[in-house]
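# Chains, contacts and geometry: an overview
So the chains spell out like this:
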Amino acid sequence: MNLENFQNIKQLLSEPKKIVIVTHRNPDGDAYGSSLALYHYLLKLNHQVTVVSPNDCPDFLKWLPSRDEIVIYEKEEDKGIKILEAADIVFTLDFNAFHRTGVKMQKTLEQINPIFIMIDHHQQPDDFAKFTYVDSEVCSTCQMIYQFIEKLEHIDFIDKNIATCIYTGILTDTGSFRFPSTTSLTHKIVADLLEKGADNSLIYNQIHDVNTYDRLQLLGRSLKNMKVENKFYTAYITLSQSELTRFNFKKGDTEGFVNYALSLKNVIFAAIFIEDRQQKIIKISFRSVGDFSVNDFARNHFNGGGHTNAAGGRSDESLNNTVSNFLNILPFYQKELKQSYEK
Ligand code: 5GP
Ligand code: MN
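Residues numbered from 1 in each chain as written. Chains lettered and ligands numbered in written order. Predicted model: local features only at pLDDT ≥ 70, side-chain atom pairs only at ≥ 80, totals over all residues. Heavy atoms only, no water.

### Side note on the overall build of the chain
Scanning the chain for helices and strands turns up 14 helices and 12 strands. The C-alpha atoms of the chain give a radius of gyration of 20 Å, which matches the 20 Å a tight globule of 343 residues would have. With respect to the three principal axes, the spread of C-alpha positions in the chain is 60 × 45 × 40 Å. Looking at the 343 residues of the chain, the share that counts as buried comes to 51%. The long-range share in the chain, meaning contacts at least 24 apart out of those at least 6 apart in sequence, stands at 66%. (Helix = DSSP H or I, 4+ residues; strand = E, 2+ residues; numbered from the N terminus. Rg over C-alpha atoms; globule rule 2.2 N^0.38 Å. Buried < 20%, exposed > 50% of the residue type's maximum accessible area, 1.4 Å probe, protein only. Contact = heavy atoms within 4.5 Å.)

What follows is the structure in structure tokens.
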């Protein structure tokens, strides 16, 4: 997005407005981190601001500053609709297509007519926003929020709360600074966030050192279920609804499991298939290292998308059929997988 657009946005934000911030369904650290960072920032500019999220986050994010103020659309639909209908400006963060907010919220977003401003780091954005600030090379939407505030010449507005929220999304979306999307600029920004009061050690502990016994048992079960397709440099994990139920599955429990499959030597493509009997779908996460695009793979075969090395998708078939389909598709990618492995 060019400088003129940032100046237009700055102008737009120079008078108090009714602003709603929306993020995707099943919000992660980057979704809630970016939403709450922007929330705290816009409050400082004297706007009337509400964050509306399709559903709530896992427990390990519930400590985020002002997370209690978020309106959860699936719990308070009428309130969510009213707030969205009254909005002058709607920021959409960490997603680029309305369907990522779920069927119900998607409908409302399609019907309203505010000024949409998209801030996101996924590939191939839909064309619904007046201002589309998108860069798929940036590690996280949180880093983009920092850059957005910087472009509006308000870096001094970043206080401890804002720094904490931004730090959280950068931490979670970079796998604790280890993914290739982590650049020197990321580290420079993070250094500044620490100076502005983000407590790196505390944030890490609140997110990662909160395992339950059940979650570790579920991890054990996942690792037991893991299968390797050597020919395709691929490993995958399945979890059925009965396994999830047996270990008292709570939202967020399976976060990161797919990375164990990817961490295997000689594996460059990993997937986890998780049965959701309530939604009647199989939710899939794909991960890769190197050139193999799981964004393309998820888009082409599993109604999904995301980034080159991390994407998600879904299937309406049974767990067994979904996995069979996956295994039937793999041979078509054998050459690509081999090339990516050998590179
Ligand atoms: P995860 O596997 O952690 O759920 O998601 C990995 C990445 O893929 C995230 O950036 C997420 O936004 C994206 N993603 C996950 N599920 C979907 C989906 O169903 N559709 C699309 N387009 N992107 C997804
Ligand atoms: Mn993100």
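### Re the coordination of the manganese ion (ligand 2)
Asp30 (OD), Asp94 (OD), His121 (NE2) and Asp173 (OD) make up the full set of protein donors to the manganese ion (ligand 2), lying at 2.2 to 2.4 Å. Each donor residue of the manganese ion (ligand 2) belongs to the same chain, and together they define the spacing D-x63-D-x26-H-x51-D. Taken together, the positions of Asp30 in helix α2 (residues 29-44) and Asp94 in the loop between β4 (89-93) and α4 (103-111) put the pair 64 residues apart, joining distant regions of the chain. According to the relative accessible area criterion, Asp30 is buried, its value standing at 0%. (Donors = N, O, S within 2.8 Å, 3.2 Å for Na, K, Ca; no water.)

### Remarks on the sheet that holds strand β8 (residues 234-239)
Each strand in a sheet pairs with its neighbour through backbone hydrogen bonds, running either in the same direction (parallel) or in the opposite one (antiparallel). Pairing is mixed across the open sheet formed by 6 strands, whose spatial order is β7-β8-β9-β10-β12-β11. Both outer strands of the open sheet, β7 (227-229) and β11 (305-306), are each paired with one neighbouring strand and no more. Here 6 bridges tie strand β10 (residues 281-288) to strand β12 (residues 310-315), and the two strands are oriented antiparallel to one another. Among the inter-strand pairings, Phe286 is bridged to a residue of β12, identified as Ala311. (Pairing = 2+ DSSP bridges.)

### Points about the nonpolar core
In terms of nonpolar packing, the biggest core is built from 52 residues, with Leu42, Phe91, Phe148, Ile166 and Leu193 touching the most fellow members. Core analysis: the second largest hydrophobic core is formed by 23 residues, Ile268, Ala271, Ile284 and Tyr333 among them. (Core = buried A, V, L, I, M, F, W, Y, C linked by side-chain atoms within 4.5 Å.)

### Quick notes on the domain arrangement of the chain
Partitioning the chain into domains gives domain 1 (3-208) and domain 2 (213-342). For domain 1 and domain 2, the distance between their C-alpha centres works out to 27 Å. Each side of the interface is counted separately: domain 1 has 13 residues, and domain 2 has 11 residues. Around 1000 Å² of area is buried between domain 1 and domain 2 when both sides are counted, 40% of it from carbon and sulfur atoms. A per-residue breakdown of the area domain 1 buries against domain 2 is headed by Pro58, Gln123 and Gln124, which together make up 36% of the total. (Domains from an automatic or database assignment. Buried area = accessible area lost by both parts, 1.4 Å probe.)

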